[in-house]
Amino acid sequence: MLVYVTPLQVTTTVPPIGGTFSPPAPGDYQYDVNFNQAVDAASVQTSDLTLTGNVGGSVTNVQVINGGTTAEFTLHFDNGGSVTASIGAGSITVNGCNGNAAFSGMYMVEGPAPCSWSAGPDLPSPGVRFVGVFFPANGKFYVMGGRAFDGGGGEFTNPFEYDPINNSWTTKSAAYPDNQVNNMGCAVLNDSGTDYIYCVGGSESATSTSTGRVFRYDPVADSITTIPSNWPPGDQNILPGGFSVFNNKLYILGGFNINVSMDDRIWEFTPSPAGWVQKTAVLPVPLGYIPTTTIGNFIYTGGGAAFDPTVILMPTTNSFQYDPVADSITTIANIPRPTDNTRGFNFCNQLWVPGGDDTTFPNPTNEVDIYDPVANSWSVGTPFSEARRNFATDTDGSTHIWLGGGYDASGAPIASMEIFTCPVSPCASPSPTPTATATATPTATATASASPTPTATSTPRATPTPRPAPTPRPRPTPAPRP
């Protein structure tokens, strides 16, 4: 005798498919899954329901109600946006044998979507060793200097402009005053009420020589003017190390005496009247290619290259806090990985260090390290897609980060762009201002060593866990051209 068994299946859900979980995330939410017949309560587990498409979404509890016809799940969401809820075929049963048909439904979670990386349009050309600068006056991102290829003759002659509104690049008409435009230090300064992008130093790749020349670019007028106040180390064949702005003054920390040594001096540039002052404080360790930014009243660094006569550039974990008012420098918690050949910037009052070298040179990564000056601790943020070093990058400080170009893992110049977007700024308001730490003049070493690194999470900060060191890559032959 044949016995017909009614297949177990989902009939409705609350909220309905296509509906919305509210109020805005983060929070816990009830999700009812209704079946066409009573289920075996013992067969229903939190693991039966899978959530995809919403970072941090999880199933925390379930109970069977309504005479066995409803599985009431408790869900947790940290972020808004879409989510897909699925139950695999046969996960839930009736009378121990009648498994459910597969179910899947898409829903919305009220609230802001999480910050994330996405691809942007390619730069006008593959390129390396340029500087990214966000220009607040017009909300655009500029790529200054750099070159299309190594070996000489590939230096760019004009700035590149990215318009976030149109999501497009433009090669500007203004021309650089010379071809020594690799590895410059560039930042926004104000002179007589007008903002400009000031660029300091730089090299050209054919002869690996540098300049101390200073010029400024007016993005609104699309014009470049040379400033008659050279940076003294640049005329000694030294490239800028770390650079950042405090109180409308540009500070340069350290530098690379090309293929000879690193520098430990700190210099201060005032735009009006234009001039340089060498500060009394020096870096505890001579370094170049230093990720650097200003947060509150201090300038912070994370990593940087020491010099080694064999490998030339040796990434380090050395990290410092410089007080430009007191002209004093102290150590802070070291960045988790030895790194160099990247920028640092201030995002939500934290030092972000994206990409660059990882442990050895050249060895580009896509890791993003984040320093919290209040907690004096590092964590690892969301990585971007393509590992790279010597690329252009900057931020508006609260909702967007732009990066483009650089050397990829094979050492080839690339043109790809990536954009970090936060639909709602994650910055706390108001943000605490770091205070000076009572630390004596630091001692530090220039020895790169494998260091523990935090588990890759965004805010809140994760507890560090050991991180394996990448396999060292062989030194380029001949020595790299800066």
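Values in this document were obtained by computation on a predicted structure and should not be read as measured data. Here, residues in each chain are numbered from 1, in the same order as that chain's written sequence. For this predicted model, a pLDDT threshold of at least 70 governs which residues receive local features, and a threshold of 80 or more governs which side-chain atom pairs are given and counted, while totals over whole chains, interfaces and linings are taken from all residues. Values reported for side chains reflect all heavy atoms of the structure, with hydrogen atoms and water molecules removed beforehand.

A short note on the overall build of the chain
Per the convention used, a helix needs a DSSP run of H or I reaching at least four residues, while a strand needs a run of E reaching at least two, with both numbered from the N terminus. From N to C terminus, the chain includes 0 helices and 42 strands. Relative to its full complement of 482 residues, the chain shows a buried share of 54%. Counted over contacts in the chain with a minimum sequence separation of 6, partners at least 24 positions apart contribute 57%. Note on exposure labels: buried denotes an accessible area under 20% of the residue type's maximum, exposed denotes more than 50%, and partly exposed covers the range between, all computed with a 1.4 Å probe on protein chains only. Pairs of residues are marked as contacts when any of their non-hydrogen atoms sit within 4.5 Å.

A look at the state of the cysteines
We call a pair of cysteine sulfur atoms a disulfide when they lie within 2.5 Å. Under the counting rule described, the total for this entry stands at 3 disulfides. Shown here is the disulfide that connects Cys115 with Cys422, its sulfur atoms set 2.0 Å apart. With the S-S bond torsion at 115°, the cross-link from Cys115 to Cys422 turns out right-handed. One end of the pair, Cys115, is in the loop between strand E10 (103-109) and strand E11 (116-120); the other, Cys422, is in the loop between strand E40 (417-421) and strand E41 (453-454), and 307 residues separate them in sequence. With its sulfur 2.2 Å from that of its partner, Cys186 forms a disulfide with Cys199. Looking along the S-S bond of the Cys186-Cys199 disulfide, the torsion reads about 115°, which is the right-handed sense. Residue Cys186 is located in strand E16 (residues 185-191), and its partner Cys199 is located in strand E17 (residues 194-200); the two are separated by 13 residues in the primary sequence.

Some points on the side chain of Asn100
Tracing the chain through its elements places Asn100 in the loop between strand E9 (98-99) and E10. You can call Asn100 buried: its relative accessible area is 3%. Here a polar contact is recorded for every N or O atom pair within 3.5 Å, except that within protein the pair must consist of a potential hydrogen donor and a potential acceptor, and residues adjacent in sequence are included only if both atoms are side-chain atoms. Here Ser91 takes part through its backbone nitrogen, which lies 2.9 Å from a polar atom of the side chain of Asn100. Polar contacts involving the side chain of Asn100 include one to the main-chain amide nitrogen of Ile92, which spans 2.7 Å. For Asn100, the contacting residues outside a window of four places in its chain are Leu8, Ile87, Gly88, Ala89, Gly90, Ser91 and Ile92.

Thoughts on the nonpolar core
Met144, Met184, Cys186, Ile197 and Trp276 are the most contacted members of the largest nonpolar core, which has 30 residues in total. Ranked by residue count, the leading element in this core is E17, at 5 residues. Met184 has contacts with Val131, Met144, Gly145, Cys199, Val200, Gly201, Gly202, Arg213, Phe215, Pro240 and Phe243, leaving out every residue within four places of it along the chain. By size, the runner-up hydrophobic cluster in this structure holds 25 residues, among which are Leu8, Leu51, Val83 and Ile87. Buried residues of nine kinds, namely Ala, Val, Leu, Ile, Met, Phe, Trp, Tyr and Cys, make up a nonpolar core once their side-chain atoms join them within 4.5 Å.

Observations regarding the pairing of strand E5 (residues 58-65)
Pairing between two strands requires that DSSP report at least two bridges joining them. Inspection of the sheet shows E5 paired to strand E6 (residues 70-77) by 7 bridges, in the antiparallel sense. Bridging across to E6, Val59 finds its partner in Leu75. Linkage of E5 to E6, two consecutive antiparallel strands, is achieved through a turn of 4 residues, within which Asn66 is found at a positive phi near 55°.

Here's the deal with the sheet that holds strand E25 (residues 274-282)
The strand order across the open sheet formed by 4 strands is E22-E23-E24-E25, and the pairing between neighbours is antiparallel. A strand with exactly one partner marks an edge of an open sheet, and here the two such strands are strand E22 (238-246) and E25. The sheet shows a mean angle of 30° between the axes of neighbouring strands, taken without regard to direction. By the bridge criterion, 7 bridges tie strand E23 (residues 249-257) to strand E24 (residues 261-271) in an arrangement that is antiparallel. Pairing of Leu253 across the sheet is with Ile266, part of E24. Note on definitions: angles span 0 to 180 degrees between N-to-C directions of axes, and those axes are lines fitted to C-alpha atoms, for helices only across the stretch in contact.

Here we look at the environment of Tyr196
Within the secondary structure, Tyr196 is located in strand E17. Taking the relative accessible area as the measure of exposure, Tyr196 reaches 12% and is therefore buried. Tyr196 sits 21 residues away from Tyr217 along the chain, and the two C-alpha atoms are 5.6 Å apart. If we ignore the near neighbours within four places in the chain, the residues touching Tyr196 are Phe135, Ala187, Val188, Leu189, Asp191, Arg216, Tyr217 and Asp218.

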